[in-house]
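A closer look at the structure
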Amino acid sequence: MTSEPAAGRIVPGESPLTAAYWAAARRGVILLQRCADCAVVMHPPEPVCPGGPAHELRWFEASGRGRLASFTSVEHAVHPAVRGRLPYLIALVELDEGPRIICNLAPDPSGSDAAAGPGPGTRVVLRLGRAAGGLDLPVAYLAAEPAADWQ
Amino acid sequence: MTGRRAVAQIVGVGESAYSRGTDRSEWELAVEAVTRALADAGLAPSDVDGLVRYSYDTVDEAMLVRSLGLRIGYYSQTGYGGLGAPAVLAHACAAVASGLATVVVCYRSLNGWTKTRYGRAERTLGDGRGSADLVAVGDRAPSGSFAGPYGLLSPGQVMALWAREYQWRAGLTDAQLALALGQVAISQRQFAAANPRAILRDKTLDMPAYLAGRMISAPLRLYDLALESDGAAAVVVAAPSVAAALRRPGVSVLGAVQGLFRYAESISVYGELRNGPQYRKIAHNLFSAAGLQPKDIVVAMIYDATTISVLLGLEAYGFHEPFEAWRAVTEHGIGPASPLPVNTSGGHLSEAYVHGMNHLTEAVRQCRGESANQVSRIGPVLVSSGPSAAVLAP
């Protein structure tokens, strides 16, 4: 369909702060930071707890469960790297542990009511899948449970 | 905040022609916009002693100093892209109020059509030719490491997420959201029709045409998104003592805020939606400093990278309760006959995308009574971009 050369995958830039996160993410696991002193939970990772610079931030494995705060169906490619993947769904998931996280949303396998898309508070589970940028990372799948109370 | 008394006045505005396609560099366009703004003010380059620009601008201070022969004693930059439009006024007012400068030129030059396309991701990821992996850097959305690998690559896609969240929290159907957003696009296109500077002045838009626009990132369609365009705009801010000696009255900056709190940086997805309590607190403080209330505002220039930003801005700055603006906008639009005309130049959707600087020049013209879409009651004008905002008055 296109004569453009094949584009590479879109991969995350890693740093000492985020290396553990990405090592886990490539296995399909989400790591979050929790403060051992004030219990704040954060994503994306930060080097210092906002509750106090002497506090100790520790990684823990998130449940991978959450609810959709929003999603969009991308129907126009803004970069050659995703041109072959249209349309794809991007989800903003509110994890049960609190933080919001961006990932892709796997299409509803039932195909039912696909045009309408998922509704507010739809429960999702994150596990390893092919992300729109071509890497295998945690992506959201619709969970077989009723939508969370919304608002 | 600048306090209840205006510490500075805007005495000149100028812009280059706005176009989609130009053979002129951002440097040349910046010089033209600044030269026109100084001529508008009745000032010479030798009067300028300060410059404020966006950190994103490729035309740096030294380039303007050389081209215009400036000798300045103060310069500063605003960050986070479009948050800079009202923020440059905060910088200029601070410089003037402290005596660091007396005449400060604020400018933005952006060849967003021929050079740096903000609707695309090449500016952050590279062009993607070949098979090498593309590295998404930083922790911001869009395009950062936690967004880019999932194909969240453009501001419009982030704002599509805002729009869907707004729809859900307001309890709207797809059709209800589309009718509200469509009214924003249609009203601004009506304004553009009377504005000779507007790139889309000859392109009419009605609801069927809006709804027929192709879906870009659902629920946002083609006409929900800002233009990509080439152009530059500038304003001249002066101390009251300088302004008093000029041939016509300046426009007062009654208040300006360059706000930031957790996750309020531009186009963030991790914090509260942009009609949330922290944004409303910024608005409350700004109006208090200006000695005004939202009902006193006669025109609002609200940063419109997409239509949803207008609904969120109307709610953040106190014109409607959260998740209520859609109703009034659906019913009355934001056009000439609406209770509060918004983006009366056509805005980023229909005039040009100069990263908010063109909203400042229009706000000044409304305060002077010189807008192509002049409102009948000349009065205070709000200029806002997320957590940055300013109130201007004749």
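Not measured: the values here are computed from a predicted model.

**Overview of the overall build of chain A**
On a plain count of helices and strands, chain A comes out with one helix and nine strands. Element order for chain A, N to C, with α for helix and β for strand: β-α-β-β-β-β-β-β-β-β. Split into buried and exposed, the 151 residues of chain A put 35% on the buried side. Put simply, of all contacts in chain A between residues at least 6 apart along the chain, 55% involve residues at least 24 apart.

**Points about the overall build of chain B**
When helices and strands are counted, chain B shows 13 helices and 12 strands. Against the globule reference of 21 Å for 394 residues, chain B gives a C-alpha radius of gyration of 20 Å, in line with a compact fold. Each principal axis of the C-alpha atoms in chain B carries an extent, and together these give about 55 × 50 × 40 Å. Counting across all 394 residues of chain B, residues that qualify as buried make up 62%. Excluding contacts between residues fewer than 6 apart, the proportion of contacts in chain B whose partners are at least 24 apart in sequence is 76%.

**Looking at helix α9 (residues 277-290) of chain B**
All names here are of chain B. Compared with the 20 Å implied by 1.5 Å per residue over 14 residues, the 20 Å span of α9 between its first and last C-alpha is a close match. Listing the buried residues of α9 in full gives Tyr 279, Ile 282, Ala 283, Leu 286, Phe 287 and Ala 290. Down the axis of α9, the buried set is contained in an arc of 130 degrees. They therefore lie on one face. Among the structural elements, β9 (251-258), α10 (307-316) and β12 (388-393) are those in contact with the buried residues of α9. Just downstream of α9, Gly 291 is the residue with a positive phi angle, here 70 degrees.

**Observations concerning the confidence of the model for chain B**
On average, residues of chain B score 96 in pLDDT, and 99% of them are at 70 or above. Scored as a whole, the predicted complex attains pTM 0.96, and scored at its interfaces, ipTM 0.95.

**Some details on the domain arrangement of chain A**
Residues and elements named next belong to chain A. When cut into domains, chain A gives domain 1 (19-61) and domain 2 (65-142). Between the C-alpha centres of domain 1 and domain 2 there is a distance of 23 Å. At the junction of the two partners, domain 1 supplies nine residues and domain 2 supplies 10 residues. Considering only residue class, the side of domain 1 that touches domain 2 consists of five nonpolar, two polar and two charged.

**Observations regarding the sheet that holds strand β2 (residues 31-35) of chain A**
Residue and element names in this part refer to chain A. The strand order across the open sheet built from three strands is β3-β2-β4, with neighbouring strands paired in antiparallel fashion. Unpaired on one side and paired on the other, β3 (41-42) and β4 (57-61) mark the two borders of the sheet. In the sheet, β2 pairs with β4 via five bridges, with the strands oriented antiparallel. Within β4, the position partnered with Cys 35 by the bridge is Leu 57.

**Focus on the interface of chain B and chain A**
Taken together, the contacts link 40 residues of chain B with 40 residues of chain A. Among the elements of the structure, α4 (122-125), β5 (134-136), α5 (155-170) and β6 (215-218) of chain B are those that each provide at least two residues to the side of chain B that touches chain A. If you tally residues by element for the side of chain B that touches chain A, the top one is α5(B), at seven residues. Looking at the side of chain B that touches chain A, its residues break down into 22 nonpolar, 10 polar and eight charged.

**Structural notes on the pairing of strand β1 (residues 9-15) of chain B**
All names here are of chain B. The buried fraction of β1 amounts to seven of the seven residues, a majority that puts the element mostly inside the structure. Here β1 pairs with strand β8 (residues 230-238) via six bridges, running antiparallel. Paired with Val 13 across the bridge in β8 is Val 235. Sheet analysis places β1 next to β9, joined by two bridges and oriented antiparallel. Opposite Ile 10, over in β9, you have Val 251 as the bridge partner.

**Brief notes about the environment of B:Pro240**
Within the secondary structure, B:Pro240 is located in helix α8 (residues 240-243). Along the sequence, B:Pro240 and B:Val96 sit 144 residues apart, while their C-alpha atoms lie 9.0 Å from each other.

**Comments concerning the nonpolar core**
B:Val236, B:Val237 and B:Leu392 are the most contacted members of the largest nonpolar core, which has 177 residues in total. Per element, the largest residue contribution to this core is 10 residues, and it comes from helix α3 (residues 84-98) of chain B. Of the residues that make up this core, three or more belong to each of domain 1 (19-61) and domain 2 (65-142) of chain A. Apart from the residues lying within four places of it in its own chain, the contact partners of B:Val237 are B:Ala8, B:Ile10, B:Leu89, B:Ala92, B:Cys93, B:Val96, B:Val104 and B:Cys106.

What counts, and at which threshold
Residues numbered from 1 in each chain as written. Chains lettered and ligands numbered in written order. Predicted model: local features only at pLDDT ≥ 70, side-chain atom pairs only at ≥ 80, totals over all residues. Helix = DSSP H or I, 4+ residues; strand = E, 2+ residues; numbered from the N terminus. Buried ≥ 20, exposed ≤ 12 C-beta atoms within 10 Å, placed from the backbone. Contact = placed C-beta atoms within 7 Å. Rg over C-alpha atoms; globule rule 2.2 N^0.38 Å. Expected span 1.5 Å × (residues − 1). Arc of directions from axis to C-beta. pLDDT = per-residue confidence, 0-100. Domains from an automatic or database assignment. Nonpolar A, V, L, I, M, F, W, Y, C, P; charged D, E, K, R; others polar. Pairing = 2+ DSSP bridges. Core = buried A, V, L, I, M, F, W, Y, C linked by C-beta atoms within 7 Å.

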